[in-house]
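The chain contents come next:
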Amino acid sequence: MSREQVSIPAGPLKEFSSRLFQRVGVPASDAEQMSDTLVEADLRGVHSHGVLRMPRYLAALQSGERNPRPHIRVASDLGTTAIVDGDQGYGQLPSIKAMGLAIEKAKAHGIAACGVRNSGHFGAAAYYAMMALEEDMIGFSTTGGLPCIAAPGGSGLVVGNNPICYAIPAGDELPVVLDMATSTRAQGWTEYAALAGEKIPLGWALDTDGNPTEDPHEAIESNRVVAVGGYKGYGLAVVMDILATILTGADWGTRITAKRATGERVGDGHFFLA
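Cut-off values and rules
Residues numbered from 1 in each chain as written. Predicted model: local features only at pLDDT ≥ 70, side-chain atom pairs only at ≥ 80, totals over all residues. Heavy atoms only, no water. Helix = DSSP H or I, 4+ residues; strand = E, 2+ residues; numbered from the N terminus. Buried < 20%, exposed > 50% of the residue type's maximum accessible area, 1.4 Å probe, protein only. Contact = heavy atoms within 4.5 Å. Lys, Arg positive; Asp, Glu negative; His and termini not counted. Charge placed at Lys NZ, Arg CZ, Asp CG, Glu CD. Expected span 1.5 Å × (residues − 1). Phe/Tyr/Trp six-rings, centres within 6.5 Å; stacked < 30°, edge-to-face > 60°. Lys NZ or Arg CZ within 6 Å of the ring centre and 35° of its normal. Salt bridge = Lys/Arg side-chain N within 4 Å of Asp/Glu carboxyl O. Pairing = 2+ DSSP bridges. Axes fitted to C-alpha atoms, helices over the stretch in contact; angles between N-to-C directions. Parallel < 35°, antiparallel > 145°, perpendicular 65-115°, else oblique. Left-handed = near helix turned anticlockwise from the far one by under 90°. Nonpolar A, V, L, I, M, F, W, Y, C, P; charged D, E, K, R; others polar.

Visitor: Help me get a handle on the overall build of the protein, residues and values and all.
Guide: When helices and strands are tallied, the protein shows nine helices and eleven strands. Taking the principal axes of its C-alpha atoms as reference, the protein extends roughly 50 × 45 × 45 Å. Within the protein, the proportion of its 274 residues that are buried is 47%. Residue pairs at least 24 apart in sequence account for 61% of intrachain contacts in the protein once pairs closer than 6 positions are excluded. One finds the centroid of the 22 positive side-chain charges in the protein at a distance of 5 Å from the centroid of its 30 negative side-chain charges.

Visitor: Please give an account of helix H2 (residues 28-43) that cites residues and values.
Guide: Its 16 residues place the ends of H2 22 Å apart at the C-alpha level, agreeing with the 22 Å of an ideal helix rising 1.5 Å per residue. Burial in H2 covers these residues: Asp30, Ala31, Met34, Ser35, Thr37, Leu38, Val39, Ala41 and Asp42. Immediately downstream of H2, the backbone of Gly45 shows phi near 85 degrees, a positive value.

Visitor: Describe the packing of aromatic side chains, naming the residues involved and giving the relevant values.
Guide: Under the defined criterion, the tally for this structure stands at nine aromatic pairs. When the centroid spacing of 4.1 Å and the interplanar angle of 25 degrees are considered together, the rings of Tyr57 and Tyr90 count as stacked. With a gap of 33 residues between them, Tyr57 in helix H3 (residues 54-63) and Tyr90 in the loop between strand E2 (81-85) and helix H4 (92-109) connect regions that are remote in the sequence. Across the pair, Tyr90 and Tyr57 agree in class, each one buried. Arranged with centres 5.5 Å apart and planes meeting at 70 degrees, the rings of Tyr127 and Tyr128 form a pair that is edge-to-face. Feature note: the residues Phe122, Tyr127, Tyr128 and Phe272 constitute an aromatic cluster, connected by ring pairs. Here Arg185 stacks its cationic end above the ring of Trp189, 4.4 Å away from the centre of that ring.

Visitor: Describe in detail the pattern of salt bridges, supporting the description with residues and values.
Guide: According to the stated counting rule, one finds eight salt bridges in the structure shown. With its nearest N and O atoms 3.9 Å apart, the salt bridge here joins Asp85 to Arg117. Within this pair, whereas Asp85 is found in strand E2, its partner Arg117 is found in strand E3 (residues 113-119), the two being separated by 32 residues in sequence. Judged by its relative accessible area of 7%, Asp85 is buried. Here Arg117 falls in the partly exposed class, since its relative accessible area comes to 26%. Lys107 is the salt-bridge partner of Glu104, the closest N and O atoms lying 3.2 Å from each other. One end of the pair is Glu104 and the other is Lys107, both in helix H4 and three residues apart, which spans about a single turn. With relative accessibility at 46%, the residue Glu104 sits in the partly exposed group. Look at Lys107 and you get partly exposed, because its relative accessible area is 45%.

Visitor: How would you summarise the sheet that holds E3 if you had to cite specific residues and measurements?
Guide: In space, the seven strands of this open sheet follow the order E1-E2-E3-E11-E4-E7-E8, with mixed pairing throughout. A strand with exactly one partner marks an edge of an open sheet, and here the two such strands are strand E1 (73-77) and strand E8 (176-180). Between one strand axis and the next, the sheet turns by 15 degrees as a mean value, whatever way the strands run. Bridge count between E3 and strand E11 (residues 268-273): five bridges; the pairing is antiparallel. Bridge pairing in E11 links Val116 to His270. Strands in contact with H4 are E1, E2, E3, strand E4 (139-143) and E11; relative to E3, the strand with the most contacts, it is inclined by about 165 degrees.

Visitor: Outline the packing of helix H1 (residues 10-23) against H3, listing residues and values.
Guide: It is the contact of H1 with H3, at a shortest axis distance of 10 Å, that shows an interaxial angle of 20 degrees. With respect to H3, the axis of H1 lies roughly parallel. Seen along the crossing, H1 lies across H3 with a hand that is right-handed. Contacts between H1 and H3 pair Ser17, Leu20 and Phe21 from the former with Met54, Tyr57, Leu58 and Leu61 from the latter. Its residues assigned to classes, the contact of H1 with H3 comprises six nonpolar, one polar and no charged.

The following block contains the structure:
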């Protein structure tokens, strides 16, 4: 039986989320920005990347896995490109800075790309791509992450569920916004189903033995999602990983798994274009 859903106004939810972040050491202005990205995802119906993420975020900040007070800086700037160092904090803050830089550079040069390294999970990709819409520009964003997709014909997890997001202005009409995972469904939706006490459709995820499963708890334990379109989705995930991690100097693919196994800090990467 699914749990009863309760609607909460966005304003109080942002304020509450911000206060929670501040309780674990995040400065107020940073906490407000992070909360805004999560609640905005919920407002767009993308609950997999909304406040559902709060418990995991708070635990990582409390344990020291993520830095609550990162010194975010521009590590390199080459005119039409730049790299922002996230200082092991969560990804929202350096991503907002990097996309803002890309937009300003695109105003001057027509097109610009900025990356982020030494970062963490950045939430919903659409938040950053849509920043470009305010300037009547096209925005693009992607990120790398913990491997959860196997190569076609293989069993080992080698690449993350790396999203593809474009935001394209359309004059007086609504913009075109595509924000899609490279799997059939993002893992956050499986977590959402688990909280609601619901099954997941076959084709979303696999159990630890590699078999299709309807049990969200089995899917969460295995961390195995199914690439959308088979080898095509896998190929897109690989390309997004290259842009977000190898190009930016961040941890990539199986390197993330290896570092986590030894307890080392992982530095995620993100990529933005305007």
